[in-house]
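Per-entry structural report
The lines below spell out each chain.
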There are 2 protein chains.
Amino acid sequence: MLLVQKYGGTSVGTLERIRACARRCLETRANGHDLVVVVSAMSGETNRLITLANELLGPREQPQIGGPYVVSEGGSDRDYQRELDQLVSTGEKVSASLVAMAIQRLGGAAISLVGHQLGMQTDRVFTNARVTAVDRGRLHAELAAGKIVVCAGFQGLDPEGNITTLGRGGSDTSAVALAAALGADACEILTDVDGVYTTDPRIEPRARKVDRITYEEMIELASLGAKVLQIRSVEFAMKHCVPVHVRSSLNNREGTWIVPEATPPPSDSAAQLRNLEAPVVRGVALDRNEAKVTLTNIPDVPGSVATIFGALARDGIVVDMIIQNASREGATDVTFTVPEADIERSVEQLRTLELGRDTQILTDRAICKISIVGVGMRTHAGVAARAFEVLARANINIQMVSTSEIKVSVVVDERHGDLAVRSLHEGFALHEGP
Amino acid sequence: MLLVQKYGGTSVGTLERIRACARRCLETRANGHDLVVVVSAMSGETNRLITLANELLGPREQPQIGGPYVVSEGGSDRDYQRELDQLVSTGEKVSASLVAMAIQRLGGAAISLVGHQLGMQTDRVFTNARVTAVDRGRLHAELAAGKIVVCAGFQGLDPEGNITTLGRGGSDTSAVALAAALGADACEILTDVDGVYTTDPRIEPRARKVDRITYEEMIELASLGAKVLQIRSVEFAMKHCVPVHVRSSLNNREGTWIVPEATPPPSDSAAQLRNLEAPVVRGVALDRNEAKVTLTNIPDVPGSVATIFGALARDGIVVDMIIQNASREGATDVTFTVPEADIERSVEQLRTLELGRDTQILTDRAICKISIVGVGMRTHAGVAARAFEVLARANINIQMVSTSEIKVSVVVDERHGDLAVRSLHEGFALHEGP
């Protein structure tokens, strides 16, 4: 088998951890597998480098990885972002060399590949680039020579040869992209947790590790998954059908497989039965980082809502849930949620618009969003109704609702977030397993 | 004018120093010059990375930059050395990005070039590579766009695209190589001293900064020059006639120009006169890192001396001075010097040889070498005699002598080193200037 293994910052955070990582690589090799390893920067290193840049640029310019572009006096945003990528990408280069040396020290054959050696091609979006292609030549050659190939994660090259980075957690996408390009049998994400859980165990101690989850479910459960892997890497894996295995770097237990949805042929009734037995709800996610905006008494004329969301989109603000009430007396209310970090910017944008004379802008940060996710919803009716019933029994007031094919999300008061998660986890018997 | 400026590790050692470096770059640009900047790693960074590698590999494997290859159990020396170069080269990449950002912050246009972007091609000798060519395409393009180009020093790429490094102080050679490739008007080495001195001011407080020195003199004065720039960079500059200007990064005073020897046309009698007025001795250098080996009673037969030095050469030991006494009764004595660090290895090698029955191997670490250097010696007789006279007056016993066209070196007891330097400095009136 050809495996791609990705080790996160904690798994290479000390020399002792690096040695453990090297031992695991050699065990994998001893089991007869070809191996490509992708490493993150040693934990703390990326932040150290960003802090250097921040201190250099002064308090007004805070470059962010994967965040909005920097606004500054001297230099253009793009120039800064380019240098920032050149700067922070060194962290993964250091880890890659150290891991390769550690494998060599234990008697294995290894080589680190970085920058142009790696052949990870991306678009031109500094600090948040997307992988466009992978040159496999050097990778194939080193694998054919029997070496463990240790790749610097998180980075690529744009068409001009500038270094780009793939956003926070981008090493996961590096790993999946390499697995896709090489046709690897699996992409293992080795981390400090055992896998993906039905919900955050800090909220619900009975949360259970999930053995298998579909790409779609994992993407919808972003707020759970974001702790163990970059959600964009799952989208990439789904597009290229790469089986992803999230597991602990500290033991050899099976973790969580992220895989395509099982679609048994119509004739296979046993498989259909198994599919029916699949849990309706796979997990419960909590997102505390949203805020709610309500516009009251908007004139109910064509285009007024388009004006509002057009203005926010132009400013790069991502709107999540939207509710528009029925019109009464020629006016309507619109409520929507945005990332809490964008709330001030949103209100500023809205103030520039010519809304109605009686229109008020109300904001509420003290909310959270709870989502239940599961591909089983496609074949099971009444999941939303059951969720509302569970929350009602717990005396939790629902402020907003949005549903998709495999998800039901509700917005509730922030104080009720944990209780809502526990109630839904219990209500759908997630602690019991499939 | 097109200038190349090299800033050492101290000059980019803190964010405040990096800002000062950026200001100086912008001043140079404001004076109308095109500018390529070469930076070292922030002071301490290279050692930090090497320490990481050393701790990882354990006490028996000590990789060295520019030193002999590592001997290890797992992995080959070359594999380790390759990873070490991939590792330590990140230090200069970090500085290059930070300096470019600092220039941008001050309103200037700058771009950092590293790795394949830089186009510094070298041979395949990891940890001590030699520059073979420079791709000028990207450099020319960025200069034409009006940018200050900030290059990561110390590193290049071998023909397979592996990262190589140029040995300790290799950023100086990076700078000279770029200056040569671009046909720059000068290569400025910005450092924390004012230039090259007639001798080490810690030994002779009256040591005087030299305004001009020839490439040949600088190379012979390596032990003085090695503190301010890599001697190999001077050899490179001589080969390509690049004027090198060693000066302080802390002020705007002229430093020391390292230039070709002035060769006025025969008809120019005024110039000839000036040339005659040039000092006979340019400087006095002290080297404490040599040790002396004496082999007594070697059978005086053809090939015996060749056997000795052949054995040492095969082990990579560089022999400096050699004296062979006249033969008496069919036997002879040979005395030579080697780097102090190689003395044990030398003795081991010599013990493996079948020398004479009465041959003894004597070693002496308590020696030092003093050299007086000056192209004026070519036209002035009696410089060596004058030097011996000066030392004799100071009651210093000379153990070995070696002379070249522009240098006289003597080996004396280590305890007499400083006195010898001061006596020669005084004896040739070096404090008085040309």
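This structure is a prediction, so every number in the text was calculated from the model and none was measured. (Residues numbered from 1 in each chain as written. Chains lettered and ligands numbered in written order. Predicted model: local features only at pLDDT ≥ 70, side-chain atom pairs only at ≥ 80, totals over all residues.)

**Points about the overall build of chain A**
Quick reminder of the rule: Where helices and strands are cited, they refer to DSSP runs of H or I of at least four residues and of E of at least two residues respectively, numbered from the N terminus. Three exposure classes are used, based on other C-beta atoms lying within 10 Å of a residue's own C-beta, which is placed from the backbone: buried for 20 or more, exposed for 12 or fewer, and partly exposed in between. The contact criterion used is a C-beta to C-beta distance within 7 Å, with each C-beta placed from the backbone.
Regarding its fold elements, chain A presents 15 helices and 20 strands. Considered along the principal axes of its C-alpha atoms, chain A spans approximately 80 × 65 × 40 Å. By residue count, 46% of the 434 residues in chain A fall in the buried class. Put simply, 73% of the contacts in chain A that link residues at least 6 apart link residues at least 24 apart.

**Some points on the relation of the copies chain B and chain A**
The two chain copies are related to each other by a rotation about an axis together with a translation along it. Note the cut-off: When the copies are overlaid, the least-squares fit takes in C-alpha atoms only where the residue has pLDDT of at least 70 in both copies.
For these two chains of identical sequence, chain B goes onto chain A by a turn of 180° and a shift of 0.0 Å along the axis, with RMSD 0.1 Å. What the superposition gives is, in effect, a two-fold axis relating one chain to the other. No C-alpha of chain B approaches the rotation axis more nearly than that of threonine 90 of chain B, which lies at 2.8 Å. Of the interface residues in chain B, 100% have counterparts in chain A that sit at the interface too, so the contact is made through matching surfaces.

**Here we look at the nonpolar core**
Defined as follows: A set of buried Ala, Val, Leu, Ile, Met, Phe, Trp, Tyr and Cys residues, joined through C-beta atoms within 7 Å, is what we mean by a nonpolar core.
In terms of nonpolar packing, the biggest core is built from 113 residues, with Val37, Val99, Val150 and Cys151 of chain A touching the most fellow members. For this core, the leading source of residues is helix α4 (residues 90–105) of chain A, giving eight residues. Look past the residues within four positions of valine 37 of chain A in its chain and what remains in contact with it is Gln5, Tyr7, Cys25, Val99, Ile148, Val149, Val150 and Cys151 of chain A. Of all hydrophobic cores here, the second largest spans 109 residues; its members include Tyr80 of chain A together with Tyr7, Leu190 and Ile213 of chain B.

**What to know about the packing of helix α2 (residues 45–57) of chain A against helix α3 (residues 77–88) of chain A**
All names here are of chain A. Here is the rule we go by: Only the contacting stretch of a helix is used when fitting its axis, a line to C-alpha atoms as for every element, and angles between N-to-C directions run 0 to 180 degrees. Working rule for handedness: look at the near helix, and if it is turned counterclockwise from the far one by less than a right angle, call the crossing left-handed; if clockwise, right-handed. All residues other than Ala, Val, Leu, Ile, Met, Phe, Trp, Tyr, Cys, Pro, Asp, Glu, Lys and Arg, Gly among them, are scored as polar; the first ten of these are nonpolar and the last four charged.
Their axes nearest at 10 Å, the elements α2 and α3 cross at an angle of 145°. You can see that α2 and α3 cross each other, and the crossing is right-handed. Residues Thr46, Leu49, Ile50 and Ala53 of α2 touch α3, and the partners they reach there are Leu84, Leu87 and Val88. Residues that form the contact of α2 with α3 fall into these classes: six nonpolar, one polar and no charged.

**A look at the interface of chain B and chain A**
With 33 residues of chain B at the contact, the number on the chain A side is 33 residues. For the side of chain B that touches chain A, the elements supplying multiple residues, two or more each, are α1 (15–30), α2 (45–57), α3 (77–88), α4 (90–105) and α5 (115–118) of chain B. Element by element, the count of residues in the side of chain B that touches chain A is highest for α4 of chain B, at 10 residues. Residues of the side of chain B that touches chain A, tallied by class, amount to 16 nonpolar, 12 polar and five charged.

**Remarks on the sheet that holds strand β18 (residues 367–373) of chain B**
Consider a sheet: its strands pair through backbone hydrogen bonds, and that pairing is either parallel or antiparallel. Residue and element names in this part refer to chain B. Test applied: At least two bridges found by DSSP between two strands are what make those strands a pair.
Taken in spatial order, the four strands make up an open sheet running β13-β18-β20-β19, and their pairing is antiparallel. The open sheet has two edge strands, β13 (283–287) and β19 (398–404), and neither has a second partner. Neighbouring strand axes in the sheet, compared pairwise and without regard to direction, differ in orientation by 20° on average. Alignment of β18 against strand β20 (residues 407–413), held across seven bridges, turns out to be antiparallel. Residue pairing across strands places cysteine 368 opposite valine 412, the latter belonging to β20. Across the sheet, helix α14 (residues 383–393) touches β18, β19 and β20, and the angle it forms with β20 is around 25°. The strands touched by helix α15 (residues 417–427) within the sheet are β13, β18 and β20, with β18 carrying the most contacts at an inclination of about 15°.

**Notes on the sheet that holds strand β14 (residues 290–299) of chain A**
All names here are of chain A. Spatially, the four strands line up as an open sheet ordered β15-β16-β14-β17, and their pairing is antiparallel. Across the chains shown, the open sheet's two edge strands, defined by having one partner strand only, are β15 (322–324) and β17 (360–364). Going across the sheet, the axis of each strand differs from the next one's by a mean of 15°, ignoring polarity. Alignment of β15 against strand β16 (residues 331–339), held across three bridges, turns out to be antiparallel. By the bridge assignment for β16, isoleucine 323 is matched with threonine 335.

**Describing the packing of α14 of chain B against α15 of chain B**
Residues and elements named next belong to chain B. Quick reminder of the rule: An angle below 35 degrees is read as roughly parallel, one above 145 as roughly antiparallel, one from 65 to 115 as roughly perpendicular, and any other as oblique.
Packing of α14 against α15 leaves a shortest axis separation of 9 Å and a crossing angle of 125°. It follows from the interaxial angle that α14 and α15 lie oblique. Considering how the two elements wind past one another, α14 and α15 form a crossing that is right-handed. Residue-level inspection shows Arg386, Ala387, Val390 and Leu391 of α14 in contact with α15, the latter providing Ala420, Ser423, Leu424 and Gly427. Class assignment for the residues of the contact of α14 with α15 results in five nonpolar, two polar and one charged.

**A short note on the pairing of strand β2 (residues 34–39) of chain A**
Residue and element names in this part refer to chain A. Put simply, the rule is: For a crossover, the right-handed case is the one in which the path from the first strand over the helix to the second runs clockwise, viewed with the strands pointing away from the viewer.
Most of β2 is tucked away: five of the six residues are buried. Two strands pair when backbone bridges link them, and strand β1 (residues 2–7) and β2 are joined in this way by six bridges, in the parallel orientation. Note that in β2 the partner of leucine 3 across the bridge is leucine 35. For the handedness criterion, the β-α-β arrangement of β1, helix α1 (residues 15–30) and β2 is classed as right-handed.

**Notes on the pairing of strand β18 (residues 367–373) of chain A**
Residues and elements named next belong to chain A. Counting buried positions along β18 gives seven out of seven residues, so the element sits mostly inside the fold. Burial of the side chains of β18 extends over both faces: Ile367, Lys369, Ser371 and Val373 are buried on one face and Cys368, Ile370 and Ile372 on the other. Strand direction decides the pairing type here: strand β13 (residues 283–287) and β18, joined by five bridges, are antiparallel. Counterpart to alanine 285 in the pairing with β18 is serine 371.

**Re α3 of chain B**
Three or four residues apart is the spacing at which side chains of an α-helix point the same way, because the helix has 3.6 residues per turn. Our working definition: Here a helix's expected span is defined as the number of its residues, less one, multiplied by 1.5 Å.
The terminal C-alpha atoms of α3 of chain B lie 16 Å apart, and with 12 residues this matches the ideal 16 Å at 1.5 Å per residue to within 8%. Most of α3 of chain B sits inside the fold, with 10 of its 12 residues counted as buried. Every buried residue of α3 of chain B is accounted for by Asp79, Tyr80, Gln81, Arg82, Glu83, Leu84, Asp85, Gln86, Leu87 and Val88 of chain B. Along its buried surface, α3 of chain B packs onto α4 and β3 (110–113) of chain A together with α2, α4 and β8 (163–165) of chain B.

**A short note on the confidence of the model for chain A**
Residues and elements named next belong to chain A. The criterion, for reference: Known as pLDDT, the predictor's per-residue confidence is scaled from 0 to 100.
Per-residue pLDDT for chain A has a mean of 89; in total, 92% of the residues score no lower than 70. This stretch, residues 271–276, has a pLDDT under 50; its non-local contacts, to residues over four places away or in other chains, come to five contacts. Scoring the predicted complex yields pTM 0.84 and, for the interface, ipTM 0.82.

**Some details on unusual backbone geometry**
Positive phi, normally seen in glycine, also occurs at phenylalanine 154 of chain A, with a value near 80°. Note on placement: phenylalanine 154 of chain A falls in the loop between β6 (148–152) and β7 (155–157). Classification of phenylalanine 154 of chain A as buried rests on a count of 32 C-beta atoms within 10 Å. For threonine 127 of chain B, which is not glycine, the phi torsion reads 70° and is therefore positive.

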